[in-house]
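Descriptive structure summary
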Amino acid sequence: MAQHKVNYTQNAGLPVALTTIDKVVNWGRSNSIWALTYGLACCGIEMMASGASRYDFDRYGTIFRASPRQADVMIVAGTLTKKHAEFIKRLYDQMTEPRWVISMGSCANTGGMFNTYATVQGVDRIIPVDLYLPGCAPRPETLQYGVMLLQKKIRAEKAIKSQKTKRLM
Amino acid sequence: MRAYTPKDDVQAKSYYTDRFYVSPQVAKQDVSSDEVFAADLEAIKAKFEVLEAYIQVEQMVVYINAKDNVDVIKLVKEELDYTQLSEMSAIDWIAKSGQFEIFYQMLSMGKRKRIRIKCFIGKDEAINSVEKLFRSADWSEREMYDMFGIEVNNHPFLKRILMPYDWEGYPLLKTYPLEGDEFAAWYEVDKIYGKEARDIIGPEIRDTARVDRYDSERFGRLGHEVPKGTKITGNEPKTPLAYQEEGGVFMIDRFDEEKSVIITDRNR
């Protein structure tokens, strides 16, 4: 590396960082949370805005994927109807572990204002939820804060262990 | 001007009593007041029995017999220039008269007029499809079947359109509860996990105002967060809003408000 003039002896430094495996694995996981695009209603617009240039989700390593097999987190953004409930379960089952779910907005949390026959009264009746974001719809700042909280949660987990399967029941 | 009603005890009384609000009717005019509509009505009357006809909000409403519906709409489309079926559906009058009212909203771009063809059918009767005349009636009739359970004769593909195929009940009937019957309440649980999961998942919480400040499983306590499932005593210390752990994160600089620079000069 002489051509780049890197002085490895400076700052008492070899190009080596000492850490634990837990930390380095969780660092990788928490900084590349790939999200499944799951815009179901108007919250999806806010989710798209979070991904676009003004709020810039890419700097968190959050990149939206169109396939559950490439996604780590499912951001359920919008009203979940009873007709659609089986598909959200199927897509959740297709995601590889470890996987997380963010329930975004009132409709996904509790059914919201749709207290009707056709709306699932909270996605946590179908899939286990890690984080509930309040709001109708939540601002992109809320979703960013939610992702940062999720990163915090991931970093608090033990990385090297048998993955405890998250099941609703 | 509105008629005077005493309002001194208006707060004490229930102001909304009818389960289904019956709105006051807009004034109806005689069909002869509009010569285009009068000519149209004469053309219909020449071939079919017309039970009632009037003009309301500049649109003619014509009541016909249910067995004539396809022929009347064919006449109206081909001879009277009402070339678009903008909307059709049904109204549930079962509690009042044991009948459904079916309406066809027609539009003439040439005459710049709208008419509404209406007919009544009994609770268990079927109606003939107008899908051969208007392709738009295909989905409208499916929706009518989905929401009211009205069967349509000669329809090419009479299946539910909005609700799932295995749904039970017809949601737009006035006897159908807004929050759904038992089948609707357990639909997704029964379908995904099976009936035996009902006890584990539990019934839906339909009270939108329900907040339990001692429940740390479902409710966050912003600014006073506790781990999930903790018993709440009321003496939880205040936790400041933090984006990262106290000890910092591996290879990531922690945001420090003291060290950050706030730029006030917008034109720098």
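Residues and elements named next belong to chain A. A contiguous nonpolar surface patch, about 280 Å² in accessible area, is contributed by Ile21, Val24 and Ile160. Following the sequence through the fold, isoleucine 160 ends up in the segment after helix H5 (140-156). You can call isoleucine 160 exposed: its relative accessible area is 56%.

Residues and elements named next belong to chain A. Of all 5 residues in strand E4 (residues 100-104), 5 are buried; the element is thus mostly enclosed. Neither face of E4 is left uncovered, since the one carrying Trp100, Ile102 and Met104 and the one carrying Val101 and Ser103 both have all their residues buried. One ladder, built from 5 bridges, connects strand E3 (residues 73-77) with E4; its direction is parallel. Counterpart to methionine 74 in the pairing with E4 is valine 101. Handedness of the E3-helix H3 (residues 85-94)-E4 crossover: right-handed.

This part covers the nonpolar core. Among soluble globular proteins, nonpolar side chains are generally buried collectively. Val76, Ile102, Tyr104, Met106, Ile127, Met144 and Ile150 of chain B are the most contacted members of the largest nonpolar core, which totals 45 residues. Those elements that place two or more of their residues in this core are helix H1 (35-47), strand E2 (50-56), strand E3 (59-64), helix H2 (69-78), strand E4 (84-93), strand E5 (99-108), strand E6 (113-122) and helix H4 (137-148) of chain B. Once residues lying within four places of it in the same chain are set aside, the contact partners of isoleucine 127 of chain B are Ala66, Asn69, Ile102, Tyr104, Cys119, Ile121, Met144, Ile150, Glu151, Val152 and Asn153 of chain B. Judged by nonpolar contacts, the second largest core, of 19 residues, contains Phe57, Ala77, Ile102 and Leu131 of chain A.

This paragraph deals with the domain arrangement of chain B. How big an interface is tends to be expressed through the accessible area that disappears when the partners come together. Partitioning chain B into structural domains gives domain 1 (28-153) and domain 2 (177-234). Domain 1 of chain B and domain 2 of chain B are separated by 46 Å when their C-alpha centres are compared.

Conventions we followed
Residues numbered from 1 in each chain as written. Chains lettered and ligands numbered in written order. Predicted model: local features only at pLDDT ≥ 70, side-chain atom pairs only at ≥ 80, totals over all residues. Heavy atoms only, no water. Patch = residues over 30% accessible without salt bridge, like charges linked within 9 Å, V, L, I, M, F, W, Y side chains within 5 Å. Areas by Shrake-Rupley, 256 points an atom, 1.4 Å probe, with all protein chains shown as cover. Salt bridge = Lys/Arg side-chain N within 4 Å of Asp/Glu carboxyl O. Helix = DSSP H or I, 4+ residues; strand = E, 2+ residues; numbered from the N terminus. Buried < 20%, exposed > 50% of the residue type's maximum accessible area, 1.4 Å probe, protein only. Pairing = 2+ DSSP bridges. Right-handed = clockwise from strand over helix to strand, strands pointing away. Core = buried A, V, L, I, M, F, W, Y, C linked by side-chain atoms within 4.5 Å. Contact = heavy atoms within 4.5 Å. Domains from an automatic or database assignment.

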